[in-house]
Amino acid sequence: MKLQLYVPDGRYAPWIEGFAQALPEAQCVTWEESQGQPVDYAVVWRPPLEMLKGRRDLKAVFNLGAGVDGILRLRDTDPDALPAGVPIVRLDDAGMGAQMAEYVTHAVLRYFRRLDDYAAQQQAGTWKFLKPNRRADFTIGVMGVGTLGAHIARTLAAFGFPVRGWSRSPKTVEGVQCHAGEAGQATFLDGLRVLVNVLPLTPETENIIDAALLNRLAKGAYLINVARGPHLVEEDLLAAVQQGQIAGATLDVFRTEPLPPEHPFWGEPRITITPHISALTLREDSIAQIADKIRALRDGRPIAGVVDLQRGY
Ligand code: NAP
Ligand code: GLV
């Protein structure tokens, strides 16, 4: 069995070593050294167009992340970019749910406990009690309650916050008030103090966080975007922050990454910026999950995480 790897930074050695341990029966080759040779599986992150187009040898393509927009976007350049009939398989949590829950919980607690206000007071040498927020008034909405969103929502509910979730199809998540579809969107959004975005990027969800959506939230709400940059209309967020509709935002993802030095977000102190680190691909967990799925496919067992190409996630 042959696995063909593509990682944009070209650091192949730890992946090859990891697969050699987890799947000793497989031979691992890099895309660069094996172009044109038939293999069984491709394991990729943001592959180039020429890697997948027209391939007839592949049994599956494994994506080294939860979001598959980096593969599906190839269809924008060439409608035949993806190998026909070959399943594309995303990572299913693989250690990302816990990381995202930590990141989002940290941001929520920082806002809820007014820690930025206390930091500003410290700068000014001020010792002053500030009126605390009431937990019951601090409703948090998680947009996208799939693998990662459900983990985030459950974690926040365990802190006692009122939590709402929104998905395409109806869901049940313990301790979370769930809403679904376009019909459920307004009830989900209305009056939220914190909106967390963890949707996949698809034609339906691109630009979803715009002025109209932000205006549905409570005055002085917070935004946490851990999904993808193109979900957010960046100029609408800047205007909402300047108008006080949004009191602060924590953004892990951007339309252009790295965020260009001249971008206005850098100069807005109410916007916190991190470089796409809210949930990293953990090499060991990811290799173990992909190896298990390859064994399942070989034995004819079903696997989770197969992408629906029509839906786009
Ligand atoms: P997932 O399990 O596929 O969950 C996606 C959720 O979004 C599902 O609940 C789905 O609804 C919902 N959804 C999709 N389209 C929708 C629409 N048009 N309207 C309403 N709800 C919609 O994906 P995941 O594993 O949780 O990952 C989510 C995203 O997180 C990834 O796609 C990726 O972009 C992002 N991510 C970011 C990082 C980072 O470091 N910043 C790391 C990992 C992932 P249904 O349940 O009804 O299908
Ligand atoms: C990272 O952004 C991922 O989609 O896994």
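Residues numbered from 1 in each chain as written. Chains lettered and ligands numbered in written order. Predicted model: local features only at pLDDT ≥ 70, side-chain atom pairs only at ≥ 80, totals over all residues. Heavy atoms only, no water.

Novice: How do you make sense of the sheet that holds strand β7 (residues 163-167) when you look at a structure like this?
Specialist: Sheet strands associate in pairs through backbone hydrogen bonding, adopting either a parallel or an antiparallel arrangement. The sheet built from seven strands is open, its strands ordered β8-β7-β6-β9-β10-β11-β12 with parallel pairing. Taken across any chain shown, the strands that pair with only one partner, and hence form the sheet edges, are β8 (177-180) and β12 (271-273). Mean inter-strand twist for the sheet, computed between neighbouring axes without regard to direction, equals 15°. Taken together, the four bridges between strand β9 (residues 194-197) and strand β10 (residues 221-225) define a ladder with parallel strand orientation. Bridge pairing in β10 places Asn197 opposite Asn225. Lying on the sheet, helix α8 (residues 147-158) is in contact with β6 (140-143) and β7; it crosses β6 at an angle near 170°. (Pairing = 2+ DSSP bridges. Helix = DSSP H or I, 4+ residues; strand = E, 2+ residues; numbered from the N terminus. Axes fitted to C-alpha atoms, helices over the stretch in contact; angles between N-to-C directions. Contact = heavy atoms within 4.5 Å.)

Novice: Is there a simple way to think about the site of ligand 1 in this case?
Specialist: Lining the immediate environment of ligand 1, one finds 30 residues, of which Arg90, Thr147, Ser169, Lys171 and Tyr313 sit closest. Within the side chain of Arg90, a nitrogen or oxygen atom sits 2.8 Å from an oxygen atom of ligand 1. When isolated, ligand 1 has an accessible area of 940 Å², and the protein chains bury 93% of it. Mapped onto the shell around ligand 1, the elements with two or more residues apiece are α6 (96-112), α8 and β7. For the shell around ligand 1, a count of residues per class yields 14 nonpolar, nine polar and seven charged. Counting only domains with at least three residues in the shell around ligand 1, you end up with domain 1 (2-94 + 281-299) and domain 2 (96-273). (Near = heavy atom within 4 Å. Polar contact = N/O pair within 3.5 Å; in protein donor to acceptor, adjacent residues only side chain to side chain. Areas by Shrake-Rupley, 256 points an atom, 1.4 Å probe, with all protein chains shown as cover. Nonpolar A, V, L, I, M, F, W, Y, C, P; charged D, E, K, R; others polar. Domains from an automatic or database assignment.)

Novice: Sorry, what's going on with the sheet that holds strand β5 (residues 88-89) here?
Specialist: The strand order β2-β1-β3-β4-β5 describes an open sheet built from five strands, whose pairing is parallel. The open sheet has two free edges, formed respectively by β2 (27-30) and β5, since each of these has just one partner strand. Note that strand β4 (residues 60-63) and β5 share two bridges and pair parallel. Its bridge partner being in β5, Val61 is matched across the sheet by Ile88. Strands β1 (2-6), β2 and β3 (41-44) of the sheet are contacted by helix α1 (residues 13-22), whose axis makes an angle of about 155° with β1. Sitting on the sheet, helix α12 (residues 283-298) touches β1, β3, β4 and β5, and the angle it makes with β4 is about 160°.

Novice: Would you explain the packing of aromatic side chains in this entry?
Specialist: The description of an aromatic ring pair rests on the distance of the ring centres and on the angle between the ring planes. All chains considered together, the criterion is met by eight aromatic pairs. Measuring from ring centre to ring centre gives 5.0 Å for Phe112 and Phe161, while their planes differ by 85°; the resulting arrangement is edge-to-face. Of this pair, Phe112 sits in helix α6 while Phe161 sits in the loop between α8 and β7, placing them 49 residues apart in sequence. With a centroid separation of 6.2 Å and an interplanar angle of 20°, the aromatic rings of Trp166 and Phe188 are classed as stacked. Taken together, the residues span a long stretch of sequence, with Trp166 in strand β7 and Phe188 in helix α9 (residues 181-189) at a distance of 22 residues. Across this residue pair, the class does not change: Trp166 and Phe188 are buried. Joined through ring pairs, the aromatic side chains of Tyr111, Phe112, Phe138, Phe161 and Tyr222 make up one cluster. In this structure, Arg311 is placed above the aromatic ring of Tyr313, and the distance from its NZ or CZ to the ring centre is 4.0 Å. (Phe/Tyr/Trp six-rings, centres within 6.5 Å; stacked < 30°, edge-to-face > 60°. Buried < 20%, exposed > 50% of the residue type's maximum accessible area, 1.4 Å probe, protein only. Lys NZ or Arg CZ within 6 Å of the ring centre and 35° of its normal.)

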